[in-house]
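Coordinate analysis (summary)
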Amino acid sequence: MTTEFIPDLARWPASETERGQSDTARAAVETVLIAAVASILSLLHTGFAFGVDNNVFHLPILARLYDEPQFRDDAFIQSLRHFASGVWMLPLGSADVGRQELIFLSLTFLSRLVNFLGFLCCASLLGIHTLRDRIVFSLVISMTAFLVGSSFAGMGGLFLNTFTHSEIANGTTLLAIYFAAKRRYVGTMTLVGLTFFINAFMAVWLVLPIGCMAVSQLVRGQISLKVLCRDVLLGLVPCLLLTLPVLANILGNPEFGRPIAFDYAHYLRQYFGEHVLIDTIAPSQLVALGGIILLGLASLYRLGATSQPLRAAFAGLLLLYALGAALPLLSTSPTLLNLHLLRSSGIIHLVAGLATAALATRWLRDDRRPLFLLGAVVVLVLTSRTNAFVLSVPLILLGPAVVERWSPSAGPVRLAGYAAIAVAALVVFPMATRVNYAVDRQLAESLAEWRALSDWARGATPPSAIFLTPARATPKPGEDPDQERRDAALTRASIFETEAHRRVWVDYKRGAGAMWSPSYYPIWLTRYTDVGELTSLDQRLAYANRNGIAYVIDRCAAVPADRSPLFRTPRLCVFAAEPAA
């Protein structure tokens, strides 16, 4: 016998308010626990990689490399003083890379936890309330393939295998939408401020979806203009407090708002245009995003009136993306283009995934009804790593009418439904996990080599030494895809500079520095273009001689057999470059 139904006689009878508060507290604890477990499951699926991709911006900030004398004249490292995210202003720093890896793993879990809390809160708007529903919903979200990696037609980060601060803002965005749906605009504005603290331009994105929600509520008489204005003004206080540190950093950047001497859109095409320029996006990506939009619209339609707040938010997101497509035709302002409006396709993914997972959860409630089979098939389709998710659209729009008219018996429905769930959970999902782990393993192998090289450089070279690292890998025709990924992983040297405390001449990722420090653009472009034209070790050594670069790192496989490196790992070889006479 449980104690749940045994009254406390000293306080009996309890008031309805006390009972309600107790139920609310229990539900809140359950939600946090479910979100934590789902976060662990999701992390086990994606895996975790450290020291890759955008970590090239984060690690030097934590180690405060810009304060070290050898980096005094390094334009890229100095530009990181104005890398405007409040996350990196927090006292997280450690020069020890081992501790940094633990910090990043902890932040990745926190990011995933905030995302699942946002999903669960928004799911409650769609009728997902019971403990069983919340668990099923979280499992479906964890298994949904289009929520892993980056979004179509905009490359917004979703559930990634590495930590970047923007993915925390995905969760605060969902929570802001939830508070707006509940007409709690003080909390909404606070979350907008928190989102700005994490990623400023993602907070700007919230204006349209939340604005559409507020207009819908005003039109429907769900809130008065007076109350809305009052709550927004009250919420501006915590909002501004949260935005001030980041605003101070942005406005303190001496290059912010100044005219630039180059075509910013042209720079984006040279570096990476998919966050901003729709004509740089492959048509297949646009078609796939169209499928996500159709899926979101179909799910929100099938969910009925309960989805009205999210319909308004989704409409705002679609307007935001359309504005992003048109913006480069209307303005060349770097400040506006740096809002990365096309990257908001990531939030479109989140809302579409939320609505579809909530609908599938509702259909899975009763395994004796025909809708159970539909929900199971939707889960199976969502789990597929291909674009099979589009098959959910006709299932959602036409399936209920078909199965109700068909009226199959409960036994076959139950058997077929559980079979579909078993295939999704025991076959498709583990296969996707295996692929993720293969990628993570290749990154870990690369990281180990760069760590060994960093240890050598720190002990065997002067602090002022500059290194020329391998160029981006170019896939060879007919090359084994696994080998191609291994070679690409080897060029991700984000950890080297921070662990070795030695300067790197140039690499591709550093080109992003021109977004917040435009003066770095000609430096990056000249160096990156020149290095990209070097096709042999001799050419790289000659280039190093001309430019005061002390050491060249190259792939050992590309080095002539008669050349002996100063130091090598299984795949990386280091050579000294003699200064030009």
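Our structure's up above, just so we're on the same page.
In short, a report on the structure. One numbering rule holds for all chains: residues counted from 1, following each sequence as written. The predicted nature of this model means local features are confined to residues of pLDDT at least 70 and side-chain atom pairs, given and counted, to a pLDDT of 80 or more, with totals for whole chains, interfaces and linings taken over all residues. Side-chain descriptors were evaluated using all non-hydrogen atoms of the structure, hydrogens and water having been removed beforehand.

**So, the nonpolar core**
The condition that has to hold: The definition of a nonpolar core used throughout is a set of buried Ala, Val, Leu, Ile, Met, Phe, Trp, Tyr and Cys residues joined through side-chain atoms within 4.5 Å. A 1.4 Å probe rolled over the protein chains alone gives each residue an accessible area, and that area as a share of the maximum for its type sets the label: buried under 20%, exposed over 50%, partly exposed in between. In this text, helices come from DSSP runs of H or I with a minimum length of four residues, and strands from runs of E with a minimum of two, each type numbered from the N-terminal end. Pairs of residues are marked as contacts when any of their non-hydrogen atoms sit within 4.5 Å.
Phe57, Leu80, Phe119, Phe137, Tyr267, Phe467 and Phe496 are the most contacted members of the largest nonpolar core, which has 174 residues in total. Examining the composition of this core, we find that 12 residues originate from one element, helix α15 (residues 345-363), more than from any other. Not counting the four nearest positions on each side in its chain, phenylalanine 137 is found in contact with Phe119, Leu120, Ala123, Ile128, Leu354, Ala357, Ala358 and Thr361.

**Concerning the pairing of strand β5 (residues 572-576)**
As a reminder, the rule being used: Between any two strands, pairing holds if DSSP finds at least two bridges.
Taking burial as the measure, the 5 residues of β5 include 4 buried ones, the bulk of the element. Taken together, the 5 bridges between strand β3 (residues 551-555) and β5 define a ladder with antiparallel strand orientation. From the neighbouring strand, aspartate 554 faces β5, where its bridge partner is cysteine 573. Of the pairings in the sheet, the one linking strand β4 (residues 567-568) to β5 comprises 2 bridges and is antiparallel in character. Directly across from arginine 568, in β5, lies its bridge partner cysteine 573. Between β4 and β5, which pair antiparallel in sequence order, lie 3 residues.

**Some thoughts on the packing of α15 against helix α17 (residues 392-406)**
For clarity, the cut-off: Working convention: axes come from line fits to C-alpha atoms, limited for helices to the stretch in contact. Angles between N-to-C directions cover 0 to 180 degrees. By definition in this entry, angles of less than 35 degrees are roughly parallel, angles greater than 145 are roughly antiparallel, angles of 65 to 115 are roughly perpendicular, and the rest are oblique. With the far helix as reference, a near helix turned anticlockwise by less than a right angle produces a left-handed crossing, and one turned clockwise produces a right-handed crossing.
Taken N-terminus to C-terminus, the directions of α15 and α17 make an angle of 25 degrees; their axes are 12 Å apart at the nearest point. Judged on the interaxial angle alone, α17 and α15 are roughly parallel. Like other packed secondary-structure pairs, α15 and α17 cross with a definite hand, here left-handed. From α15, Thr356, Leu359 and Trp363 reach across to α17, where they touch Leu395, Ile396 and Pro400.

**Regarding the packing of helix α9 (residues 207-219) against helix α13 (residues 308-330)**
α13 packs onto α9 with a crossing angle of 135 degrees between their chain directions and a minimal axis gap of 7 Å. By the angle between their axes, α9 is oblique relative to α13. Crossing geometry of α9 relative to α13 is assigned as right-handed. Residues Leu208, Pro209, Cys212, Met213 and Ser216 of α9 form the contact with α13, whose participating residues are Gln308, Pro309, Ala312, Ala313, Gly316, Leu317, Leu319 and Leu320.

**What to know about the state of the cysteines**
Worth spelling out the cut-off: In plain terms, two cysteine sulfur atoms within 2.5 Å form what is called a disulfide here.
Applying the stated rule across the entire model yields 1 disulfide. Among the cysteines around cysteine 229, which has no disulfide bond, cysteine 239 carries the closest sulfur, lying 15 Å off. You can call cysteine 229 partly exposed: its relative accessible area is 40%.

**A look at a nonpolar patch on the surface**
The test is simple: Patch membership requires over 30% relative accessible area and the absence of a salt bridge. Like charges are linked within 9 Å, and nonpolar side chains (Val, Leu, Ile, Met, Phe, Trp, Tyr) within 5 Å. Using a 1.4 Å probe, accessible areas were evaluated by the Shrake-Rupley method; residue-level cover was limited to the displayed protein chains. Salt bridge, as used here: a side-chain nitrogen of Lys or Arg that lies within 4 Å of a carboxyl oxygen of Asp or Glu.
Nonpolar side chains collect at one region of the surface, where Val237, Leu241, Leu244, Leu247, Leu251 and Phe256 lie side by side and expose about 580 Å² of accessible area between them. Tracing the chain through its elements places leucine 247 in helix α10 (residues 225-251).

**Some thoughts on helix α16 (residues 370-383)**
Two residues of an α-helix separated by three or four positions point the same way, owing to the 3.6 residues in each turn. The criterion, for reference: How far a helix is expected to stretch is found by multiplying one less than its residue total by 1.5 Å.
Between its terminal C-alpha atoms α16 stretches 21 Å, which fits the 20 Å expected from 14 residues at 1.5 Å a residue. Among the 14 residues of α16, 12 are classified as buried, and the element is accordingly described as predominantly covered. Every buried residue of α16 is listed here: Pro370, Leu371, Phe372, Leu373, Leu374, Gly375, Ala376, Val378, Val379, Val381, Leu382 and Thr383. Contacts from the buried residues of α16 go to α5 (131-143), α12 (283-303), α15, α17 and α18 (410-460).

**Here we look at the pattern of salt bridges**
Close approach of charged atoms lets side chains of opposite charge pair. In this structure the tally under the stated criterion is 18 salt bridges. Between aspartate 74 and arginine 503 there is a salt bridge; the shortest N-O distance is 3.5 Å. Highlighted residues: aspartate 74 in the loop between α2 (55-63) and α3 (75-79) and arginine 503 in strand β2 (residues 503-504), separated in sequence by 429 residues. On the accessibility criterion, arginine 503 (14% relative accessible area) is buried. As a salt-bridge pair, glutamate 449 and arginine 571 come within 2.6 Å of each other at their nearest N and O atoms. One end of the pair, glutamate 449, is in helix α18; the other, arginine 571, is in the loop between β4 and β5, with 122 residues separating them in the sequence. A relative accessible area of 23% means that arginine 571 is categorised as partly exposed.

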